[in-house]
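Tertiary structure, described
One letter stands for each residue in the lines below.
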Amino acid sequence: MLVQSAHEALQILEDNDVIWCQSMAATPYKLLDGLADVAMQRNNLTLLQLHTEHSEVLNNPQLKGHLRQRAFFVGKSTRTAVNEGLADYVPMFLSEIPKLFRSGEQKLDAVLIQVSAPDAHGNCSLGISVEATRAALQVARKVIAWINPRMPRTHGDSFISLKQIDRYFEFEAPLPLHAQPKQSDVTTQIGQRVASLINDGDCLQMGIGAIPDATLRCLGNHRDLGIHTEMFSDGVLPLVESGVINNSRKRKHRGRIVTTFAMGSQQLYDFVDDNPLVAFLDVEYTNDTSVIRQNKQVMAINSALQIDLSGQVCADSMGTKIYSGVGGQMDFVRGASLSEGGRSVIALPATACGGTVSRISSMLNPGAGVVTTRAHVHYVVTEFGVANLRAKSLTERAEALINISAPQFREELAKQAWNDWGLKVRTS
């Protein structure tokens, strides 16, 4: 039913409802603005989400008892609320969230979405973010939509009939844009080192940020690269245009880019609009290791906040302070390992805080979350080198990691390797 506003559309919410919110750059932020008001007339609403854009309005302490956020991935809009106890963080592989909904393990009453205008057949599109929203739509009793004419019409698992939407309103507004991050000498060097590990015909998974972009900029002389990923951004566009990325050697969805969401510039959103060469698929499928491994030469490129001398990778927190989430890192690290000729890379700057802190440490900070275990990690890359940890002993790992740490920390790390682990290592 067409209504005049987000506030009116949200009136069908009831006390104790559990709500899923479409996330990433497709966050229905106009609905969230309305929810901040409507929730004050409801009790015990729960909002489940991934990273959301422009959702700071929900961090109001006055919403206590009315609305509680539960984030499977923490971003800028929810980070302070989570770490101050005003919202909850739920560590979970992104690929498993749809299973929660479909199995009924997670109760779900309503879904908030932002969709494209309907086509001639009455079908809207979830546009640039399918993720777990496809599963949520299959089980929720109430679907509330913001129809935004600026939302791209994407192909894959993104379509929803207007008949399936209980309440919707129409309003044209910009999609959140993410400019390509500026490159530094550090990110450029890391990108060059990661690119040196990529072979012709590789099927890439990578995220958003300076390091993925720096890596992609170094691939102009490669051939027949493919994309099967959780997300992608603007860095792939020049390589698609030049034919470097053509997906011709993929076994799954040959000739097509596979993703579950996209985030970037208007140019990126224009590229995916009505483009059958890009498939936006359910994250339970895109991040399934049994699917990922079917492509040959999967190259998974991910980042980290900290890594210890045994190879344990922390990617979601700084000690006990939650920074992001588990996401799909392990899905792709494992899928790449099982792929024929596959590899995975954890790429990170060697230092933080202006060079005063080494990201490679003897032990992880207390409370730090291990996202990728030491048994799964393969390559680790910093601006100072590449460490191959696959099938390496603890001593060999510690030595390799110390030798790609910032030089000013190597002597102290070697001492800590002995004091903390009983490992005698040589440094270069």
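Nothing here was measured: the structure is a model prediction, and the numbers come from that model. (Residues numbered from 1 in each chain as written. Predicted model: local features only at pLDDT ≥ 70, side-chain atom pairs only at ≥ 80, totals over all residues. Heavy atoms only, no water.)

Another aspect to go through is the domain arrangement of the protein. Looking at the assigned domains, one finds that the protein contains domain 1 (6-170) and domain 2 (185-421). The centre of domain 1, based on its C-alpha atoms, is set 28 Å off from the matching centre of domain 2. The interface is formed by 34 residues belonging to domain 1 together with 32 residues belonging to domain 2. Contact with domain 2 buries area across many residues of domain 1, yet Leu94, Ile128 and His155 alone supply 22% of it, more than any other trio. The interface formed by domain 1 and domain 2 contains 4 salt bridges. Taking the shortest distance from any N to any O, the salt bridge between Asp282 and Arg102 comes out at 2.4 Å. Listed by contribution, the elements that provide at least two residues to the side of domain 1 that touches domain 2 are helix H3 (76-83), helix H4 (97-103), helix H5 (133-139) and strand S8 (155-156). (Domains from an automatic or database assignment. Contact = heavy atoms within 4.5 Å. Buried area = accessible area lost by both parts, 1.4 Å probe. Salt bridge = Lys/Arg side-chain N within 4 Å of Asp/Glu carboxyl O. Helix = DSSP H or I, 4+ residues; strand = E, 2+ residues; numbered from the N terminus.)

Turning to the sheet that holds S8, a few remarks are in order. Spatially, S8-S16-S14 is the arrangement adopted by the 3 strands of the open sheet, whose pairing is parallel. With partners counted over all chains shown, the strands left at the sheet margins are S8 and strand S14 (257-259), one partner each. Of the strand pairs in this sheet, S8 and strand S16 (residues 278-280) are connected by 2 bridges, and their pairing is parallel. Within the sheet, the bridge partner assigned to His155 lies in S16 and is Ala279. (Pairing = 2+ DSSP bridges.)

Right, let's talk about the sheet that holds strand S5 (residues 110-115) for a bit. Sheet architecture is open: 7 strands sit in the order S4-S3-S2-S1-S5-S7-S10, paired in parallel fashion. Only two strands of the sheet have a single neighbouring strand rather than two, namely strand S4 (87-89) and strand S10 (167-170). Each neighbouring strand pair of the sheet contributes to a mean axis angle of 20°, computed without reference to strand direction. In this sheet, strand S2 (residues 45-49) lies alongside strand S1 (residues 18-21) in parallel orientation, the contact comprising 3 bridges. Counted as the bridge partner of Val18 is Thr46 from S2. The strands that H3 touches are S2, strand S3 (67-71) and S4; relative to S4, the one it contacts most, it runs at about 100°. (Axes fitted to C-alpha atoms, helices over the stretch in contact; angles between N-to-C directions.)

Summed over all chains, the structure comprises 4 aromatic pairs. When the ring of Trp20 is compared with that of Phe72, the centres are 6.3 Å apart and the planes differ by 45°; the resulting orientation is tilted. Of this pair, Trp20 sits in strand S1 while Phe72 sits in the loop between S3 and H3, and the two are 52 residues apart along the sequence. Neither Trp20 nor Phe72 differs from the other in exposure class; each is buried. Centre to centre, the rings of Trp146 and Phe169 are 6.3 Å apart; their planes meet at 10°, and the pair counts as stacked. Of the two residues, Trp146 sits in strand S7 (residues 142-147) while Phe169 sits in strand S10, which places them 23 residues apart along the sequence. In this pair, the class of Trp146 matches that of Phe169, namely buried. (Phe/Tyr/Trp six-rings, centres within 6.5 Å; stacked < 30°, edge-to-face > 60°. Buried < 20%, exposed > 50% of the residue type's maximum accessible area, 1.4 Å probe, protein only.)

Glycine aside, negative phi is the norm for most residues, and most peptide bonds take the trans geometry. With a phi angle near 60°, His54 is a residue other than glycine that sits in the positive phi range. Within the secondary structure layout, His54 lies in the loop between S2 and S3. Since its relative accessible area comes to 40%, His54 is described here as partly exposed. Although it is not a glycine, Ala391 adopts a positive phi angle of roughly 60°. Mapped onto the secondary structure, Ala391 falls in the loop between strand S28 (385-388) and helix H13 (394-402). You can call Ala391 exposed: its relative accessible area is 76%.

Trp20, Phe72, Ile97, Phe101, Ile113 and Leu204 are the most contacted members of the largest nonpolar core, which totals 70 residues. Residue contributions to this core reach at least three from each of two domains, namely domain 1 (6-170) and domain 2 (185-421). Core analysis: the second largest hydrophobic core is formed by 26 residues, Leu10, Tyr29, Ile144 and Ala173 among them. (Core = buried A, V, L, I, M, F, W, Y, C linked by side-chain atoms within 4.5 Å.)

Within this structure's numbering, the places UniProt gives as "domain: Acetyl-CoA hydrolase/transferase N-terminal" (unreviewed entry) are residues 3-168. Across residues 3-168, helical content stands at 22% and strand content at 23%; the span's end C-alpha atoms are separated by 6 Å. (UniProt positions renumbered as here; feature names shortened; annotations may be inferred.)

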